[in-house]
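Here is what each chain is made of, one letter per residue.
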Amino acid sequence: MKHIYTSILILLLFLSLFSCKKENKIAVPTDSSALVTQANAYATGFTISIYKNYKEIKITSPWPDAKNTFTYILYPKGTSKPVITTPAIFIATPIDKIVATSTTDIPVLEYLDVQHKLVGFPHTDYISSEKTRTLIENGTIKELGSEHSINTELVLELAPDMLLGFSADGNTKAYDLIQKTGIPVVFNGSWMESHPLGRAEWIKFIAAFFNKEAEAAIIFENIKKDYIEAKAKAENASTSPTILSGNMFKDIWHVPGGNSYVARFLKDANTNYLWADNEKTGSIALSFESVLEKAQQADLWIGSGNSTSLSALEQQNNRYALFDAFKNKTVYSSTLRMGAKGGLLYYELGPMRPDLIIKDIIKIAHPELLTDYQLYFFEKLD
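Residues numbered from 1 in each chain as written. Predicted model: local features only at pLDDT ≥ 70, side-chain atom pairs only at ≥ 80, totals over all residues. Heavy atoms only, no water.

(A) Structural detail: the overall build of the protein chain. For the protein chain, the count of helices and strands is 14 helices and 20 strands. Relative to the compact-globule value of 21 Å for 382 residues, the protein chain shows a C-alpha radius of gyration of 23 Å, a close match. C-alpha atoms of the protein chain, sized along the principal axes, occupy 70 × 50 × 35 Å. With 382 residues in all, the protein chain has 50% of them scored as buried. Partitioning the intrachain contacts of the protein chain with sequence separation of at least 6 by distance along the chain shows that 59% fall at a separation of at least 24. Summing over all exposed atoms, the protein chain offers an accessible surface of approximately 18500 Å²; the carbon and sulfur share of this is 52%. Across the protein chain, the mean location of the 38 positive side-chain charges is 5 Å away from that of the 42 negative side-chain charges. (Helix = DSSP H or I, 4+ residues; strand = E, 2+ residues; numbered from the N terminus. Rg over C-alpha atoms; globule rule 2.2 N^0.38 Å. Buried < 20%, exposed > 50% of the residue type's maximum accessible area, 1.4 Å probe, protein only. Contact = heavy atoms within 4.5 Å. Areas by Shrake-Rupley, 256 points an atom, 1.4 Å probe, with all protein chains shown as cover. Lys, Arg positive; Asp, Glu negative; His and termini not counted. Charge placed at Lys NZ, Arg CZ, Asp CG, Glu CD.)

Below you can see the structure in the form of C-alpha coordinates.
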(Lines give C-alpha, C1' and ligand atoms only; values in the text may rest on other atoms or scores of the structure.)
Protein backbone atom coordinates (compact mmCIF):
# COMPACT_ATOMS: atom_id res chain seq x y z
CA MET A 1 0.00 0.00 0.00
CA LYS A 2 2.85 2.37 0.84
CA HIS A 3 4.36 2.17 -2.67
CA ILE A 4 0.96 3.08 -4.12
CA TYR A 5 0.79 6.26 -1.98
CA THR A 6 4.38 7.07 -2.95
CA SER A 7 3.52 6.75 -6.63
CA ILE A 8 0.49 8.99 -6.19
CA LEU A 9 2.63 11.56 -4.33
CA ILE A 10 5.21 11.64 -7.16
CA LEU A 11 2.44 12.07 -9.74
CA LEU A 12 0.87 14.90 -7.75
CA LEU A 13 4.21 16.63 -7.39
CA PHE A 14 4.78 16.43 -11.15
CA LEU A 15 1.33 17.79 -11.92
CA SER A 16 1.65 20.60 -9.38
CA LEU A 17 5.01 21.69 -10.78
CA PHE A 18 3.55 21.75 -14.29
CA SER A 19 0.52 23.68 -13.00
CA CYS A 20 2.72 26.19 -11.16
CA LYS A 21 4.63 26.96 -14.35
CA LYS A 22 1.41 27.80 -16.11
CA GLU A 23 -0.01 29.92 -13.30
CA ASN A 24 3.08 32.09 -12.84
CA LYS A 25 2.33 34.11 -15.97
CA ILE A 26 1.74 37.80 -15.31
CA ALA A 27 -1.89 38.78 -15.81
CA VAL A 28 -3.88 41.98 -15.58
CA PRO A 29 -5.46 42.27 -12.11
CA THR A 30 -9.23 42.13 -11.93
CA ASP A 31 -9.34 44.46 -8.92
CA SER A 32 -6.50 46.79 -8.02
CA SER A 33 -7.57 48.61 -4.85
CA ALA A 34 -8.77 47.29 -1.52
CA LEU A 35 -12.19 48.39 -0.33
CA VAL A 36 -10.94 48.22 3.26
CA THR A 37 -7.87 47.02 5.14
CA GLN A 38 -8.61 45.63 8.57
CA ALA A 39 -7.00 47.62 11.38
CA ASN A 40 -5.75 45.31 14.09
CA ALA A 41 -5.79 46.61 17.64
CA TYR A 42 -2.67 44.75 18.83
CA ALA A 43 -1.54 42.13 16.31
CA THR A 44 1.29 43.25 14.06
CA GLY A 45 2.12 40.09 12.10
CA PHE A 46 -0.80 39.94 9.68
CA THR A 47 -3.11 42.16 7.66
CA ILE A 48 -6.43 41.44 5.99
CA SER A 49 -7.56 43.51 3.01
CA ILE A 50 -11.02 43.18 1.52
CA TYR A 51 -11.38 43.49 -2.24
CA LYS A 52 -14.52 43.31 -4.35
CA ASN A 53 -14.22 39.60 -5.12
CA TYR A 54 -11.71 38.27 -2.61
CA LYS A 55 -9.79 38.76 0.64
CA GLU A 56 -6.02 39.17 0.80
CA ILE A 57 -4.14 38.08 3.91
CA LYS A 58 -0.47 38.93 4.35
CA ILE A 59 1.79 37.34 6.96
CA THR A 60 4.83 39.50 7.62
CA SER A 61 6.43 37.80 10.65
CA PRO A 62 5.99 34.03 10.47
CA TRP A 63 9.23 33.36 12.42
CA PRO A 64 12.22 35.32 13.81
CA ASP A 65 14.20 37.30 11.22
CA ALA A 66 11.94 36.04 8.43
CA LYS A 67 12.76 37.31 4.96
CA ASN A 68 9.53 35.86 3.58
CA THR A 69 6.16 37.56 3.33
CA PHE A 70 3.30 35.18 2.63
CA THR A 71 0.19 36.25 0.74
CA TYR A 72 -3.05 34.26 0.77
CA ILE A 73 -5.96 35.04 -1.54
CA LEU A 74 -9.31 33.86 -0.20
CA TYR A 75 -12.17 33.75 -2.68
CA PRO A 76 -15.73 32.35 -2.43
CA LYS A 77 -16.24 28.71 -3.33
CA GLY A 78 -18.01 28.30 -6.65
CA THR A 79 -16.52 31.49 -8.12
CA SER A 80 -13.58 31.99 -10.46
CA LYS A 81 -10.11 32.29 -8.99
CA PRO A 82 -9.06 35.98 -8.93
CA VAL A 83 -6.29 37.04 -11.29
CA ILE A 84 -3.50 38.96 -9.56
CA THR A 85 0.08 39.83 -10.49
CA THR A 86 1.86 39.01 -7.22
CA PRO A 87 2.84 35.54 -5.96
CA ALA A 88 0.12 34.17 -3.71
CA ILE A 89 -1.57 31.02 -2.46
CA PHE A 90 -5.24 30.72 -3.42
CA ILE A 91 -7.82 29.18 -1.10
CA ALA A 92 -11.55 28.80 -1.76
CA THR A 93 -13.61 29.59 1.32
CA PRO A 94 -15.22 28.71 3.59
CA ILE A 95 -12.98 25.70 4.10
CA ASP A 96 -14.53 22.41 5.17
CA LYS A 97 -11.46 20.44 6.27
CA ILE A 98 -8.31 21.66 8.00
CA VAL A 99 -5.12 20.13 9.36
CA ALA A 100 -3.56 22.07 12.24
CA THR A 101 -0.13 21.61 13.81
CA SER A 102 -0.06 23.66 17.04
CA THR A 103 -2.14 23.12 20.18
CA THR A 104 -2.68 26.89 20.26
CA ASP A 105 -4.90 26.44 17.18
CA ILE A 106 -7.29 24.15 19.09
CA PRO A 107 -9.00 26.77 21.33
CA VAL A 108 -9.36 29.11 18.34
CA LEU A 109 -11.18 26.44 16.34
CA GLU A 110 -13.38 25.66 19.33
CA TYR A 111 -14.24 29.31 20.00
CA LEU A 112 -15.24 29.64 16.34
CA ASP A 113 -17.24 26.38 16.66
CA VAL A 114 -15.39 24.73 13.76
CA GLN A 115 -13.43 22.11 15.71
CA HIS A 116 -15.34 19.40 13.82
CA LYS A 117 -13.60 20.59 10.64
CA LEU A 118 -10.22 19.53 12.04
CA VAL A 119 -9.30 16.23 10.35
CA GLY A 120 -5.64 15.76 11.31
CA PHE A 121 -3.07 16.82 13.90
CA PRO A 122 0.54 15.78 14.64
CA HIS A 123 1.02 14.22 18.07
CA THR A 124 -2.57 14.40 19.28
CA ASP A 125 -1.50 13.54 22.84
CA TYR A 126 -0.47 17.18 23.22
CA ILE A 127 -4.11 18.29 22.95
CA SER A 128 -5.74 18.93 26.34
CA SER A 129 -9.25 20.13 25.45
CA GLU A 130 -11.87 17.55 26.33
CA LYS A 131 -14.06 18.68 23.44
CA THR A 132 -11.38 18.06 20.83
CA ARG A 133 -10.10 14.94 22.58
CA THR A 134 -13.54 13.43 22.05
CA LEU A 135 -13.11 13.96 18.31
CA ILE A 136 -9.70 12.28 18.48
CA GLU A 137 -11.06 9.29 20.37
CA ASN A 138 -13.94 8.73 17.93
CA GLY A 139 -11.57 8.85 14.97
CA THR A 140 -12.69 12.18 13.49
CA ILE A 141 -9.19 13.64 13.97
CA LYS A 142 -6.32 11.49 12.70
CA GLU A 143 -2.84 11.23 14.22
CA LEU A 144 -0.22 12.64 11.82
CA GLY A 145 3.04 11.85 13.60
CA SER A 146 5.06 14.94 14.57
CA GLU A 147 5.15 18.49 13.26
CA HIS A 148 8.71 17.95 11.95
CA SER A 149 7.91 14.71 10.11
CA ILE A 150 4.23 14.90 9.24
CA ASN A 151 2.75 11.77 7.66
CA THR A 152 2.45 13.24 4.17
CA GLU A 153 0.66 10.19 2.75
CA LEU A 154 -2.09 10.46 5.35
CA VAL A 155 -2.40 14.21 4.77
CA LEU A 156 -2.95 13.50 1.06
CA GLU A 157 -5.54 10.88 1.95
CA LEU A 158 -7.38 13.32 4.23
CA ALA A 159 -7.30 15.96 1.44
CA PRO A 160 -7.76 19.03 3.68
CA ASP A 161 -8.63 22.40 2.16
CA MET A 162 -5.59 23.83 3.96
CA LEU A 163 -2.87 22.99 6.45
CA LEU A 164 -2.25 25.49 9.23
CA GLY A 165 1.44 25.32 10.10
CA PHE A 166 4.12 27.19 11.99
CA SER A 167 7.91 27.28 12.09
CA ALA A 168 10.16 28.35 14.94
CA ASP A 169 13.23 28.89 12.78
CA GLY A 170 12.17 29.05 9.13
CA ASN A 171 12.62 25.32 8.46
CA THR A 172 9.59 24.51 6.28
CA LYS A 173 10.74 21.33 4.50
CA ALA A 174 7.87 19.20 5.81
CA TYR A 175 5.37 21.82 4.68
CA ASP A 176 6.98 22.48 1.30
CA LEU A 177 6.36 18.90 0.20
CA ILE A 178 2.68 19.17 1.14
CA GLN A 179 2.35 22.55 -0.58
CA LYS A 180 3.70 21.03 -3.81
CA THR A 181 0.88 18.47 -3.84
CA GLY A 182 -1.65 21.29 -4.16
CA ILE A 183 -2.73 21.45 -0.51
CA PRO A 184 -2.35 25.09 0.61
CA VAL A 185 -0.07 25.61 3.61
CA VAL A 186 -0.81 28.67 5.73
CA PHE A 187 1.66 29.88 8.36
CA ASN A 188 0.41 31.04 11.74
CA GLY A 189 2.77 33.59 13.27
CA SER A 190 0.71 34.41 16.35
CA TRP A 191 3.46 33.21 18.69
CA MET A 192 5.69 36.02 17.39
CA GLU A 193 3.47 38.71 18.95
CA SER A 194 4.97 40.35 22.05
CA HIS A 195 1.67 41.68 23.40
CA PRO A 196 -0.69 39.08 24.92
CA LEU A 197 -3.71 40.63 23.19
CA GLY A 198 -1.79 40.55 19.92
CA ARG A 199 -1.64 36.76 20.12
CA ALA A 200 -5.32 36.49 20.93
CA GLU A 201 -6.21 38.75 18.00
CA TRP A 202 -4.99 36.10 15.56
CA ILE A 203 -8.42 34.51 15.95
CA LYS A 204 -9.42 37.02 13.26
CA PHE A 205 -6.79 35.54 10.94
CA ILE A 206 -8.05 31.95 11.31
CA ALA A 207 -11.69 33.07 11.21
CA ALA A 208 -11.22 34.53 7.71
CA PHE A 209 -10.77 31.03 6.23
CA PHE A 210 -14.14 30.00 7.65
CA ASN A 211 -15.95 33.29 6.86
CA LYS A 212 -16.42 33.81 10.60
CA GLU A 213 -14.93 37.27 10.93
CA ALA A 214 -17.96 38.69 12.75
CA GLU A 215 -17.84 35.97 15.40
CA ALA A 216 -14.10 36.41 15.85
CA ALA A 217 -14.44 40.16 16.33
CA ILE A 218 -16.96 39.68 19.15
CA ILE A 219 -14.86 37.00 20.86
CA PHE A 220 -11.73 39.14 20.73
CA GLU A 221 -13.48 42.28 21.94
CA ASN A 222 -14.78 40.43 25.01
CA ILE A 223 -11.30 39.09 25.82
CA LYS A 224 -9.75 42.52 25.27
CA LYS A 225 -12.35 44.16 27.51
CA ASP A 226 -11.69 41.70 30.35
CA TYR A 227 -7.92 42.11 30.00
CA ILE A 228 -8.04 45.91 30.04
CA GLU A 229 -10.39 45.94 33.03
CA ALA A 230 -8.10 43.59 34.95
CA LYS A 231 -5.07 45.73 34.08
CA ALA A 232 -6.88 48.86 35.30
CA LYS A 233 -7.75 47.11 38.54
CA ALA A 234 -4.10 46.15 39.08
CA GLU A 235 -3.05 49.79 38.74
CA ASN A 236 -4.89 50.48 41.99
CA ALA A 237 -2.70 48.10 43.99
CA SER A 238 -0.77 49.71 46.83
CA THR A 239 2.29 47.50 46.35
CA SER A 240 4.28 46.13 43.42
CA PRO A 241 5.95 42.86 44.47
CA THR A 242 9.27 41.86 42.93
CA ILE A 243 9.17 38.90 40.56
CA LEU A 244 11.58 36.09 39.71
CA SER A 245 10.68 33.91 36.72
CA GLY A 246 12.04 30.93 34.81
CA ASN A 247 14.31 28.11 35.98
CA MET A 248 17.50 26.21 35.27
CA PHE A 249 18.05 24.02 32.22
CA LYS A 250 21.35 22.20 32.63
CA ASP A 251 23.70 25.01 33.71
CA ILE A 252 21.71 27.94 32.34
CA TRP A 253 18.82 29.87 33.92
CA HIS A 254 16.45 31.23 31.29
CA VAL A 255 14.42 34.26 32.32
CA PRO A 256 11.96 36.14 30.07
CA GLY A 257 13.37 39.21 28.32
CA GLY A 258 12.07 42.61 29.35
CA ASN A 259 10.11 43.05 26.10
CA SER A 260 8.77 39.51 26.06
CA TYR A 261 5.24 38.20 26.16
CA VAL A 262 5.66 37.09 29.80
CA ALA A 263 7.20 40.39 30.89
CA ARG A 264 4.21 42.23 29.45
CA PHE A 265 1.86 40.22 31.66
CA LEU A 266 3.98 41.02 34.71
CA LYS A 267 4.03 44.72 33.84
CA ASP A 268 0.28 44.91 33.21
CA ALA A 269 -0.37 43.09 36.49
CA ASN A 270 1.54 45.89 38.28
CA THR A 271 4.47 43.84 39.49
CA ASN A 272 8.18 44.68 39.57
CA TYR A 273 9.78 42.21 37.20
CA LEU A 274 13.49 42.22 37.95
CA TRP A 275 14.58 42.00 34.30
CA ALA A 276 12.05 44.51 32.98
CA ASP A 277 14.81 46.84 31.76
CA ASN A 278 16.23 44.20 29.42
CA GLU A 279 15.22 44.80 25.79
CA LYS A 280 15.09 41.20 24.57
CA THR A 281 11.78 39.79 23.34
CA GLY A 282 12.88 36.19 23.90
CA SER A 283 14.57 34.65 26.91
CA ILE A 284 17.82 35.69 28.57
CA ALA A 285 20.43 33.01 29.34
CA LEU A 286 22.02 33.62 32.74
CA SER A 287 24.17 31.83 35.29
CA PHE A 288 22.65 30.68 38.57
CA GLU A 289 24.92 33.05 40.46
CA SER A 290 23.76 36.14 38.56
CA VAL A 291 20.10 35.22 39.09
CA LEU A 292 20.67 34.60 42.79
CA GLU A 293 22.43 37.93 43.20
CA LYS A 294 19.56 39.81 41.58
CA ALA A 295 16.54 37.84 42.74
CA GLN A 296 17.37 36.14 46.03
CA GLN A 297 14.99 38.46 47.88
CA ALA A 298 12.25 38.48 45.22
CA ASP A 299 8.76 38.38 46.73
CA LEU A 300 7.34 35.90 44.20
CA TRP A 301 8.63 33.22 41.85
CA ILE A 302 6.14 32.93 39.00
CA GLY A 303 6.82 30.30 36.35
CA SER A 304 9.06 27.79 38.12
CA GLY A 305 8.91 24.95 35.59
CA ASN A 306 7.27 21.54 35.79
CA SER A 307 8.03 20.53 39.39
CA THR A 308 4.86 19.60 41.24
CA SER A 309 6.03 20.57 44.74
CA LEU A 310 8.71 22.54 46.55
CA SER A 311 10.50 19.32 47.49
CA ALA A 312 10.50 18.19 43.86
CA LEU A 313 11.82 21.60 42.85
CA GLU A 314 14.62 21.31 45.41
CA GLN A 315 15.47 17.83 44.12
CA GLN A 316 15.99 19.33 40.67
CA ASN A 317 18.48 21.81 42.10
CA ASN A 318 19.06 22.16 45.84
CA ARG A 319 20.26 25.75 45.34
CA TYR A 320 16.67 26.79 44.59
CA ALA A 321 16.14 26.71 48.36
CA LEU A 322 18.38 29.79 48.70
CA PHE A 323 15.67 32.07 47.30
CA ASP A 324 13.32 33.87 49.68
CA ALA A 325 10.35 32.96 47.49
CA PHE A 326 11.17 29.29 48.04
CA LYS A 327 11.61 29.77 51.79
CA ASN A 328 8.34 31.75 52.01
CA LYS A 329 6.46 29.25 49.83
CA THR A 330 5.50 31.85 47.22
CA VAL A 331 6.42 29.77 44.16
CA TYR A 332 3.88 29.30 41.36
CA SER A 333 3.84 27.03 38.31
CA SER A 334 1.66 27.05 35.19
CA THR A 335 2.57 23.50 34.14
CA LEU A 336 0.51 21.47 36.59
CA ARG A 337 -2.84 21.53 34.80
CA MET A 338 -2.67 18.80 32.19
CA GLY A 339 -4.97 17.11 29.72
CA ALA A 340 -5.77 13.40 29.72
CA LYS A 341 -2.61 12.56 27.77
CA GLY A 342 -0.26 15.03 29.44
CA GLY A 343 -0.79 18.12 27.29
CA LEU A 344 -0.34 21.43 29.13
CA LEU A 345 -3.43 23.62 29.31
CA TYR A 346 -1.43 26.83 29.79
CA TYR A 347 0.37 26.49 26.47
CA GLU A 348 -2.77 25.42 24.63
CA LEU A 349 -5.40 27.82 25.92
CA GLY A 350 -3.25 30.60 27.38
CA PRO A 351 -2.52 32.48 24.12
CA MET A 352 -6.26 32.63 23.40
CA ARG A 353 -7.14 33.71 26.94
CA PRO A 354 -4.62 36.34 28.11
CA ASP A 355 -7.38 37.79 30.27
CA LEU A 356 -7.24 34.66 32.44
CA ILE A 357 -3.44 34.76 32.66
CA ILE A 358 -3.33 38.37 33.81
CA LYS A 359 -6.07 37.68 36.36
CA ASP A 360 -4.03 34.75 37.68
CA ILE A 361 -0.98 36.98 38.13
CA ILE A 362 -3.04 39.72 39.76
CA LYS A 363 -4.55 37.16 42.13
CA ILE A 364 -1.04 36.00 43.06
CA ALA A 365 0.49 39.47 43.38
CA HIS A 366 -2.53 41.41 44.68
CA PRO A 367 -4.99 38.89 46.16
CA GLU A 368 -7.03 41.66 47.77
CA LEU A 369 -8.07 42.93 44.31
CA LEU A 370 -9.68 39.67 43.13
CA THR A 371 -11.14 38.17 46.27
CA ASP A 372 -13.60 35.84 44.53
CA TYR A 373 -11.33 34.77 41.68
CA GLN A 374 -9.82 31.26 41.58
CA LEU A 375 -6.50 30.64 39.82
CA TYR A 376 -7.09 29.12 36.38
CA PHE A 377 -3.64 28.26 35.00
CA PHE A 378 -1.21 28.76 37.89
CA GLU A 379 -0.90 26.72 41.05
CA LYS A 380 1.07 27.38 44.21
CA LEU A 381 3.71 24.76 45.03
CA ASP A 382 3.40 23.20 48.48
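Following the structure, the description resumes.
(B) Up close: the pattern of salt bridges. Throughout the structure, instances matching the rule amount to twelve salt bridges. Note that Glu 213 is salt-bridged to Lys 55, the shortest N-O span being 2.5 Å. Here Glu 213 is found in helix H8 (residues 213–234), whereas its partner Lys 55 is found in strand S3 (residues 55–59), with 158 residues between them in sequence. Given the relative accessible area of 11%, Lys 55 is considered buried. The shortest N-O distance in the salt bridge between Glu 221 and Lys 224 comes to 3.2 Å. Taken together, the residues Glu 221 and Lys 224, both in helix H8 and three residues apart, mark about one turn of the helix. By relative accessible area, which is 18% here, Lys 224 ends up buried. When salt bridges that share partners are traced, they join Lys 77, Asp 96, Lys 117 and Asp 161 into one network. (Salt bridge = Lys/Arg side-chain N within 4 Å of Asp/Glu carboxyl O.)

(C) Molecular detail of helix H9 (residues 261–268). Along H9, the positions that sit buried rather than exposed are Tyr 261, Ala 263, Phe 265, Leu 266 and Asp 268. Packed against the buried residues of H9 are helix H6 (196–200), H8, strand S13 (242–244), strand S16 (272–273), strand S18 (300–302) and helix H14 (354–365). Phi for Asn 270, located one or two positions after H9, is positive at around 60°.

(D) Representation of the sheet that holds strand S15 (residues 252–256) within the structure. Overall, antiparallel pairing links the three strands, which are arranged S14-S15-S17 in an open sheet. For this open sheet the edge positions go to strand S14 (247–249) and strand S17 (283–286), each flanked by a neighbour on one side alone. Between one strand and the next, the sheet's axes are offset by a mean angle of 35°, whatever the strand orientation. In the packing of helix H10 (residues 288–295) onto the sheet, the strands contacted are S14, S15 and S17, and the crossing angle to S17 comes to about 110°. (Pairing = 2+ DSSP bridges. Axes fitted to C-alpha atoms, helices over the stretch in contact; angles between N-to-C directions.)

(E) Main features of the environment of Ile 243. Turning to its location among the elements, Ile 243 is positioned in strand S13. A residue is classified by how much of its surface remains accessible, and Ile 243, at 0% relative accessible area, is buried. Ile 243 sits 20 residues away from Ala 263 along the chain, and the two C-alpha atoms are 10.0 Å apart. Excluding residues within four positions of it along the chain, Ile 243 makes contact with Leu 266, Thr 271, Asn 272, Tyr 273, Leu 274, Ala 298, Leu 300 and Ile 302.

(F) Geometry of the pairing of strand S4 (residues 70–76). For S4, the buried fraction is high: six of the seven residues fall into the buried class. Of the pairings in the sheet, the one linking S3 to S4 comprises five bridges and is antiparallel in character. If you follow Ile 57 over to S4, its bridge partner there is Tyr 72. Judged from the five bridges that link them, S4 and strand S5 (residues 89–93) form a sheet pairing that is parallel.

(G) Molecular detail of H8. Taking 1.5 Å per residue, 22 residues should reach 32 Å; H8 reaches 31 Å between its end C-alpha atoms and fits that length. All buried positions along H8 are accounted for by Ala 216, Ile 219, Phe 220, Ile 223, Lys 224, Tyr 227, Ala 230 and Ala 234. Down the axis of H8, the buried set is contained in an arc of 130°. They therefore lie on one face. In H8, the exposed positions that point more than 90 degrees away from the buried face belong to Ala 214 and Ile 218. On the buried face of H8, the contacting elements are helix H2 (105–111), H6, helix H7 (203–208), H9 and H14. (Expected span 1.5 Å × (residues − 1). Arc of directions from axis to C-beta.)

(H) Up close: the packing of aromatic side chains. This structure, assessed with the given rule, holds 23 aromatic pairs. One cation-aromatic arrangement involves Arg 319 over Phe 288; the distance from NZ or CZ to the ring centre is 4.1 Å. The side chain of Arg 337 reaches across the aromatic face of Tyr 376, ending 4.8 Å from its centre. (Phe/Tyr/Trp six-rings, centres within 6.5 Å; stacked < 30°, edge-to-face > 60°. Lys NZ or Arg CZ within 6 Å of the ring centre and 35° of its normal.)

(I) Main features of the sheet that holds strand S2 (residues 46–50). One open sheet accounts for five strands, arranged S1-S2-S3-S4-S5; its pairing is mixed. Two strands bound the open sheet, and with one partner strand each, they are strand S1 (36–37) and S5.

(J) View of unusual backbone geometry. For the peptide bond that leads from Thr 93 to Pro 94, omega is 0°, which places it in the cis range. Positive phi, close to 60°, is recorded for Lys 250, a residue that is not glycine. Secondary-structure assignment places Lys 250 in the loop between S14 and S15. The exposure class of Lys 250 is exposed, given its relative accessible area of 70%.

Shape is all these values report; function is a separate question.
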